[in-house]
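Chain by chain, the residues:
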Amino acid sequence: MSDDARLSYLRIALIAVGLSAIFGLYPLVVLWPSGWAWGHGHSHYVFMIIGVYATLGVFLLLASRDPLSNASLIWFTVWSSVVHGAIMTVQAIQDPMERGHLIGDVPALFIIAIVLAALMPRGKSAVAAAA
């Protein structure tokens, strides 16, 4: 894939992930709580995490304008998604009430990480494009 094509797809992915974080997370929590809302009963955690991800979504939308200038934010999104997904995987395996997350938000985080990492330009071409 050419660097220009990779950058175009990265912009699209950033927009899709950003919009999903802003507008998609809350409906998923409401419609599919066993796959997207952690804990049992009322939890303040849900709204805190929705707020954090909505904020990240806004910044990913802004980063889509110039991904190479926002590489650190994109790599933060990649690695924080991997870490978050790994922790949630362990927790979902340990707690039978949370197993639905193994087909909900856990794979979503890993997919986001893989897509953004695969589309990020690397090496000399990334340095040249950023200059």
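Along every chain, residues carry numbers that run from 1 in the direction the sequence is written. Note on the predicted model: pLDDT of at least 70 is required for a residue's local features to be given, and 80 or more for side-chain atom pairs to be given and counted; whole-chain, interface and lining totals, by contrast, use all residues. Each side-chain value is worked out from all heavy atoms of the structure, with water and hydrogens disregarded.

Caption draft 1: Structural detail: a nonpolar patch on the surface. Here the term patch refers to residues with relative accessible area over 30% and no salt bridge, with like charges joined within 9 Å and nonpolar side chains (Val, Leu, Ile, Met, Phe, Trp, Tyr) within 5 Å. Where accessible areas are quoted, they stem from the Shrake-Rupley method and a 1.4 Å probe; at the residue level, only the protein chains shown are allowed to cover. The salt bridge definition used is simple: a Lys or Arg side-chain nitrogen within 4 Å of an Asp or Glu carboxyl oxygen. Judged by side-chain polarity, Tyr26, Leu28, Val30, Leu31, Trp32, Phe47, Ile93, Leu102 and Ile103 come together as a nonpolar surface patch covering roughly 900 Å² of accessible area. Ranked by the residues each element gives to the nonpolar patch, the list is headed by helix α1 (residues 3–31), at four residues. Under the scheme used here, helices are H or I runs from DSSP no shorter than 4 residues and strands are E runs no shorter than 2 residues, and both carry numbers assigned from the N terminus. Among the secondary structure elements, Leu102 is positioned in the loop between α4 (71–94) and α5 (105–119). Whether a residue is buried, partly exposed or exposed follows from its accessible area with a 1.4 Å probe, protein chains only, as a fraction of its type maximum: under 20%, in between, or over 50%, in that order. By relative accessible area, which is 32% here, Leu102 ends up partly exposed.

Caption draft 2: Representation of the packing of aromatic side chains. For Phe, Tyr and Trp, where Trp contributes only its six-membered ring, two rings pair if their centres lie within 6.5 Å, and the inter-plane angle classes them as stacked under 30 degrees, edge-to-face over 60, or tilted in between. Overall, the coordinates contain two aromatic pairs when judged by the stated rule. A centroid spacing of 6.4 Å and a plane angle of 65° characterise the contact between Trp32 and Trp36, whose relative ring orientation is edge-to-face.

Caption draft 3: Seen up close, the layout of surface pockets. Cavity and pocket criteria rest on a 1 Å grid covering protein atoms alone: a 1.4 Å probe that fits but cannot get out defines a cavity, protein on both sides within 12 Å along at least 5 of 7 lines defines an open pocket, and an atom within 4 Å of a point defines a lining residue. Grid points are joined across faces, edges and corners, and a volume is the space filled by probe spheres set on the points. Of the volumes computed, that of the largest pocket is approximately 430 Å³. Taken together, 25 residues make up the lining of the largest pocket; nearest its centre are Leu25, Trp36, Tyr53, Leu109 and Ile112. When contributions to the lining of the largest pocket are tallied by element, the ones reaching two or more residues are α1, α3 (45–63), α4 and α5. No other element matches α1, which puts eight residues into the lining of the largest pocket. Gly is placed with the polar residues, together with every amino acid not listed as nonpolar (Ala, Val, Leu, Ile, Met, Phe, Trp, Tyr, Cys and Pro) or charged (Asp, Glu, Lys and Arg). Split into classes, the residues belonging to the lining of the largest pocket amount to 19 nonpolar, five polar and one charged.

Caption draft 4: Structural view of the environment of Ala117. Along the chain, Ala117 turns up in helix α5. Along the chain, Ala117 and Leu10 lie 107 residues apart, while their C-alpha atoms are 9.2 Å from each other. By definition in these notes, contact holds between two residues if any of their heavy atoms fall within 4.5 Å. Residues contacting Ala117, with those up to four places away along its chain left out, are Trp75, Val78 and Arg122.

Any functional reading would require information that these geometric values do not contain.
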